[in-house]
Amino acid sequence: MTFATSGKNTRTTQLFINTKANAFLDKQGFSPFAEITSGMDVVDRIYKGYGEKPAQGMIQSKGNEYLTSQFPKLTYISTVTST
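Residues numbered from 1 in each chain as written. Predicted model: local features only at pLDDT ≥ 70, side-chain atom pairs only at ≥ 80, totals over all residues. Heavy atoms only, no water.

1. Observations concerning the packing of aromatic side chains
Okay, step 1: Taken as a whole and assessed by the stated rule, the structure comprises five aromatic pairs.
Okay, step 2: Measuring from ring centre to ring centre gives 5.9 Å for Phe16 and Phe30, while their planes differ by 90 degrees; the resulting arrangement is edge-to-face. Of this pair, Phe16 sits in strand E2 (residues 15–16) while Phe30 sits in the loop between helix H1 (23–26) and helix H2 (40–44), and the two are 14 residues apart along the sequence.
Okay, step 3: Residue classification places Phe30 among the buried residues on the basis of a relative accessible area of 13%.
Okay, step 4: Plain terms: the ring middles of Tyr66 and Phe71 are 5.5 Å apart, the flat faces sit at 80 degrees to each other, and that makes the pair edge-to-face. A single burial state applies to Tyr66 and to Phe71, both of which are buried. (Phe/Tyr/Trp six-rings, centres within 6.5 Å; stacked < 30°, edge-to-face > 60°. Helix = DSSP H or I, 4+ residues; strand = E, 2+ residues; numbered from the N terminus. Buried < 20%, exposed > 50% of the residue type's maximum accessible area, 1.4 Å probe, protein only.)

2. A look at the side chain of Thr2
Okay, step 1: Note that Thr2 resides in strand E1 (residues 2–3).
Okay, step 2: On the accessibility criterion, Thr2 (2% relative accessible area) is buried.
Okay, step 3: Residue contacts for Thr2: discarding those within four places in its chain leaves Gln14, Leu15, Phe16, Asn18, Phe30, Ser31, Pro32 and Phe33. (Contact = heavy atoms within 4.5 Å.)

3. Thoughts on the pattern of salt bridges
Okay, step 1: Evaluated as defined, the whole model comprises one salt bridge.
Okay, step 2: Between Arg45 and Asp41 there is a salt bridge whose closest N-O contact spans 3.5 Å.
Okay, step 3: Judged by relative accessible area, Arg45 falls into the exposed class, the value being 58%. (Salt bridge = Lys/Arg side-chain N within 4 Å of Asp/Glu carboxyl O.)

4. Let's talk about a nonpolar patch on the surface
Okay, step 1: Judged by side-chain polarity, Leu15, Phe33, Ile77 and Val80 come together as a nonpolar surface patch covering roughly 420 Å² of accessible area.
Okay, step 2: A residue is classified by how much of its surface remains accessible, and Leu15, at 38% relative accessible area, is partly exposed. (Patch = residues over 30% accessible without salt bridge, like charges linked within 9 Å, V, L, I, M, F, W, Y side chains within 5 Å. Areas by Shrake-Rupley, 256 points an atom, 1.4 Å probe, with all protein chains shown as cover.)

5. Brief notes about the confidence of the model for the protein chain
Okay, step 1: When pLDDT is averaged across the protein chain, the result is 86; 100% of the residues are at 70 or more.
Okay, step 2: The least confident element of the protein chain, judged by mean pLDDT, is H1 at 80; the most confident is helix H4 (residues 64–70) at 95. (pLDDT = per-residue confidence, 0-100.)

In structure tokens form, the structure reads like this:
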């Protein structure tokens, strides 16, 4: 897992779950901070229908008010367990 970036030494609120090797992202400043070692069945159930549609600026300024009104099928992560 990694956060998206908006340039050198930055990160945004968008998370990526890479499902394959993406070494080319390393050179762009994406820094992985976690690895999913179990539970990929849960990842596979994340709703994918919106793709890149939610606007990052709107998420940052309006938060869940924007997300719940515009993207009712959006999947939310409510709990994460670290081992």
